[in-house]
Amino acid sequence: MKPPGLVVASCIAALVYVGVLATQTPPPPMQAIEPFSLPERPVALTEDMITRFLYGFAPVAARAREVNGQGEAAQRQAALDETAAEFGFANFTDWVNTTNTIMVTYHWATNPDPRLEVEKAIDAIPAMTNLNDQEKADMINGLKAGLARVESARPTPENLAIVQRHLRTLKPFYDLWAPPGQ
């Protein structure tokens, strides 16, 4: 079971990331994978997609690092689209949505009840002496909003079944997406 802090960080980071996405049109690709990101559009996973993700992750991530900050946003996007297409993805956005769907599904497969973790974190907030009442209320409201977003991202039973067959193989990728102790 992940520590409550991971779920708290996941909820907050997901909200921040969604807010950043809403302000950028389109966001220039900066990283191969954003930690704690919910997919923009969840994907119906297949065994083939998992295989393509596993084989394509390193080359796509390497290309993302290579083009980060280089040239125009359209050039970076084209380079990332090309690399993602080499592994059967429609484009880089498809690859990101697939990656985030796999990671969110992995999280649900290994942490099936995020509500319990968030409730523990909420219960601990009143005892935090370094926060004033407004900060405590804001934290509680943020956790509740984050939990609602996480619960709305619950994967389909079909996606869960596919990812559960690959838990051991996907764990290192998940650890990049949700680093331990975060």
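The coordinates are above.
Residues numbered from 1 in each chain as written. Predicted model: local features only at pLDDT ≥ 70, side-chain atom pairs only at ≥ 80, totals over all residues. Heavy atoms only, no water.

**Regarding the overall build of the protein**
Next, step 1: Helix and strand counts for the protein come out as eight helices and zero strands.
Next, step 2: Out of the 182 residues in the protein, the part that is buried amounts to 41%.
Next, step 3: Long-range pairs, those at least 24 residues apart, make up 79% of the contacts in the protein between residues at least 6 apart in sequence. (Helix = DSSP H or I, 4+ residues; strand = E, 2+ residues; numbered from the N terminus. Buried < 20%, exposed > 50% of the residue type's maximum accessible area, 1.4 Å probe, protein only. Contact = heavy atoms within 4.5 Å.)

**Here we look at the nonpolar core**
Next, step 1: By size, the foremost hydrophobic cluster in this structure holds 33 residues, and its most contacted members are L45, F53, W95, I102 and M103.
Next, step 2: At the level of secondary structure, the elements contributing two or more residues to this core comprise α2 (47–67), α3 (73–85), α4 (92–110), α7 (157–164) and α8 (167–177).
Next, step 3: Every residue in contact with I102, bar those within four places of it in the chain, is listed here: L45, I50, F53, V163 and L170.
Next, step 4: Listed in part, the seven residues of the second largest apolar core include A121, I125, L143 and L147. (Core = buried A, V, L, I, M, F, W, Y, C linked by side-chain atoms within 4.5 Å.)

**Things to note about the packing of aromatic side chains**
Next, step 1: Applying the stated criterion to the full structure yields seven aromatic pairs.
Next, step 2: Geometrically, the ring pair formed by F57 and W95 is tilted, given 5.9 Å between the ring centres and 35 degrees between the ring planes. Taken together, the positions of F57 in helix α2 and W95 in helix α4 put the pair 38 residues apart, joining distant regions of the chain.
Next, step 3: When its relative accessible area of 0% is taken as the criterion, W95 is described as buried.
Next, step 4: The interplanar angle of 45 degrees and the centroid separation of 5.6 Å between the aromatic rings of Y174 and W177 together place this pair among those described as tilted. Here Y174 and its partner W177 are both found in helix α8, three residues apart, which amounts to about one turn of the helix. Accessibility assignment for this pair places Y174 and W177 in one class, buried.
Next, step 5: Among the aromatic residues, those joined into a ring-pair cluster are F53, F57, F92, W95 and F173. (Phe/Tyr/Trp six-rings, centres within 6.5 Å; stacked < 30°, edge-to-face > 60°.)

**Points about the pattern of salt bridges**
Next, step 1: The final tally for this structure, using the stated rule, is five salt bridges.
Next, step 2: Between E47 and R165 there is a salt bridge, with its nearest N and O atoms 2.7 Å apart. Here the residue E47 occupies a position in helix α2, and R165 occupies one in the loop between α7 and α8, the gap between them amounting to 118 residues.
Next, step 3: Exposure remark for E47: the relative accessible area of 31% places this residue in the partly exposed category.
Next, step 4: Take R165: its relative accessible area is 54%, and that puts it in the exposed class.
Next, step 5: Measuring nitrogen to oxygen at the nearest pair gives 2.7 Å for the salt bridge that ties E151 to R115. With E151 in helix α6 (residues 133–152) and R115 in helix α5 (residues 114–124), the pair connects residues that are 36 residues apart, well separated along the chain.
Next, step 6: A relative accessible area of 22% means that E151 is categorised as partly exposed.
Next, step 7: Judged by relative accessible area, which is 36%, R115 ranks as partly exposed. (Salt bridge = Lys/Arg side-chain N within 4 Å of Asp/Glu carboxyl O.)

**Things to note about the packing of α5 against α6**
Next, step 1: One can describe the packing of α5 onto α6 by two numbers: an axis separation of 10 Å at closest approach and a directional angle of 175 degrees. Of the possible angle classes, the one that applies to α5 and α6 is roughly antiparallel. Counted together, P114, R115, V118, A121 and I122 of α5 and I140, L143, K144, L147, V150 and E151 of α6 form the full contact between these two elements.
Next, step 2: Grouping the amino acids of the contact of α5 with α6 by side-chain chemistry returns eight nonpolar, no polar and three charged. (Axes fitted to C-alpha atoms, helices over the stretch in contact; angles between N-to-C directions. Parallel < 35°, antiparallel > 145°, perpendicular 65-115°, else oblique. Nonpolar A, V, L, I, M, F, W, Y, C, P; charged D, E, K, R; others polar.)

**Some thoughts on the packing of α3 against α4**
Next, step 1: Where α3 meets α4, the axes come as close as 7 Å, and the angle between the chain directions of the two elements is 60 degrees. Here Q77, L80, D81 and A84 of α3 lie close against α4, whose contacting residues are F92, T93 and W95.
Next, step 2: For the contact of α3 with α4, the residue count by class is four nonpolar, two polar and one charged.

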